[in-house]
Amino acid sequence: MAKTKSTFFCQNCGAQYAKWQGQCNSCKEWNTIAEEIIQKAEKVSWKSAESTSKRVAKPQRISEISTQAEARLNTKNNELNRVLGGGLVPGSLTLLGGEPGIGKSTLMLQIALQLPYKTLYVSGEESAQQIKMRAERIQPISENCFILTETKTQNIFRNIEEIEPDIVVIDSIQTLHTDAIESTAGSISQIRETAAELIKFAKETGTPVILIGHITKDGNIAGPKILEHMVDTVLQFEGDRNHIYRILRANKNRFGSTNELGIYEMQGSGLREVSNPSEILISKNDEELSGTAISATLEGMRPLMIEIQALVSSAVYGTPQRSATGYNAKRLNMILAVLEKRAGFKLGAKDVFLNVTGGITVDDPAMDLAVVAAVLSSNIDIAIDKRLCFAAEVGLAGEVRPVTRVEQRILEAEKLGFTSIVISKYCKIPKNNFNINIIKVAKVHDVVHHLFG
Ligand code: TYD
Ligand code: MG
């Protein structure tokens, strides 16, 4: 038997060391380095031994490389297709990360059941009965979907050779283990090795593989960063577990843009695609409430109208509190300072709470002006007309700055029945193209004047 060999890996970033040490030199985390046994046995390929012929790749002229085979597989799920950049690319490896319980398994099972292709769903987490029970709740049962509860990659590949699926889903990469290595499932070396085997399989057969991966407390895909480098696409499934909306983003995509985002609603019967997000993110009550303002934001290529709520009240205890949910807290402090200095509002002794409704986080500077409006509206307790929305950035001098693709935002506002939109004076837009009333402002002061007289 070959001599067993062990190395030390940082469980946080995957750095490798010859001996144990307290702190990882590369990610600076303490106490994350652990010993893992690796056996330098001959590597087992994903295929049963003799069928692996020695294929050596040859260079080809770029003009002669055929791209025909790259036709994408339609997942029958518009949100996922959009995030992937138009569907699954044959031979690609996609990693779907997310916190436990967010709905990764539900999403993938739902897609496996919808697909018109032969799909193999490999689960190391649930029993076949549990999966069937879930499947019955979310989709009509499909003849094309195969379930395998197995964690050893060699056994998985044996089954793959038999069934010859068009798509393989692995739930989850942390439960897999390979015979080539002796450390436990979920360790860095196992994840790296099993992922490498799957990549080899995907590239050699042109079968797309989707890996589900867990996420650690600090938001990294558990285990190795190296996994993110190895795969073609990294998708992140996120959302507040107490809210029904879930967002699917691409953090990395070798075959498309990372700007796109998909929105789902978690229902009793699985995940529903939300194709008109703006309508659901705006509350429907007719009552005019102070402290709310609507912002015309963009997430990727997609316009999104979101409601911002602010509550400004006198601080009861010494230091005033500032808190923001779904919006950058530092940016909120900056905006409060701008309002104090440039518009003359005394907010220094007030508690300010800000909330983006729907439990989603959007990172778009165009939200600034709506934040200003919501804060001021709550401060003086005068409601803002519900048919008015905002799209502009606020600068440190109190100037209202233009934002990207303002026309698209205006069109979305118009489509949803808003009667006016406030934008920066410096935006260049074609005249008389819109039915909506466009209000142009240059300074925060003008907005105050416009809204509250
Ligand atoms: P799951 O897909 O198991 O999460 P993950 O694989 O990311 O850990 O989803 C679990 C949650 O989803 C669970 O808390 C219940 C909820 N859920 C629904 O609300 N409706 C459904 O139809 C299903 C299947 C799950
Ligand atoms: Mg799961």
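Definitions and cut-offs
Residues numbered from 1 in each chain as written. Chains lettered and ligands numbered in written order. Predicted model: local features only at pLDDT ≥ 70, side-chain atom pairs only at ≥ 80, totals over all residues. Heavy atoms only, no water. UniProt positions renumbered as here; feature names shortened; annotations may be inferred. Core = buried A, V, L, I, M, F, W, Y, C linked by side-chain atoms within 4.5 Å. Buried < 20%, exposed > 50% of the residue type's maximum accessible area, 1.4 Å probe, protein only. Helix = DSSP H or I, 4+ residues; strand = E, 2+ residues; numbered from the N terminus. Domains from an automatic or database assignment. Contact = heavy atoms within 4.5 Å. Salt bridge = Lys/Arg side-chain N within 4 Å of Asp/Glu carboxyl O.

In the nomenclature of an unreviewed UniProt entry, the protein chain corresponds to DNA repair protein RadA from the organism Aequorivita lipolytica. Under Sequence similarities (unreviewed entry), UniProt gives the following word-for-word description of the protein chain: "Belongs to the RecA family. RadA subfamily."

### Things to note about the nonpolar core
The biggest cluster of nonpolar side chains holds 48 residues, and the ones touching the most others in it are Leu339, Leu369, Val375 and Phe390. At the level of elements, strand S11 (261-267), strand S14 (302-314), helix H8 (329-342), strand S16 (350-356), helix H9 (368-380), strand S17 (388-391), strand S21 (437-441) and helix H11 (444-452) are the ones that each hand at least two residues to this core. Shared between two domains, this core takes at least three residues from each, and those domains are domain 2 (73-273) and domain 3 (280-452). By size, the runner-up hydrophobic cluster in this structure holds 29 residues, among which are Cys145, Ile212, Leu235 and Ala250.

### A few points about the environment of Ile111
Mapped onto the secondary structure, Ile111 falls in helix H2 (residues 104-114). Every residue in contact with Ile111, bar those within four places of it in the chain, is listed here: Thr75, Asn77 and Leu80.

### A short note on the pattern of salt bridges
Pairing between side chains of opposite charge can happen when their charged atoms approach one another. Throughout the structure, instances matching the rule amount to 16 salt bridges. Among the salt bridges present, the one from Lys152 reaches Asp179, with a minimum N-O distance of 3.3 Å. Placement of Lys152 in the loop between strand S6 (145-149) and helix H4 (153-163) and of Asp179 in the loop between strand S7 (167-171) and helix H5 (188-205) is noted, with a sequence separation of 27 residues between them. Relative accessible area serves as the criterion here: at 23%, Lys152 is assigned to the partly exposed category. The class of Asp179 is partly exposed, set by a relative accessible area of 44%. Among the ionic pairs, Glu399 bridges to Arg401, the shortest N-O distance being 3.1 Å. Note on Arg401: relative accessible area 37%, which makes it partly exposed. Linked through salt bridges whose partners overlap, the residues forming this network are Lys203, Asp232 and Arg254.

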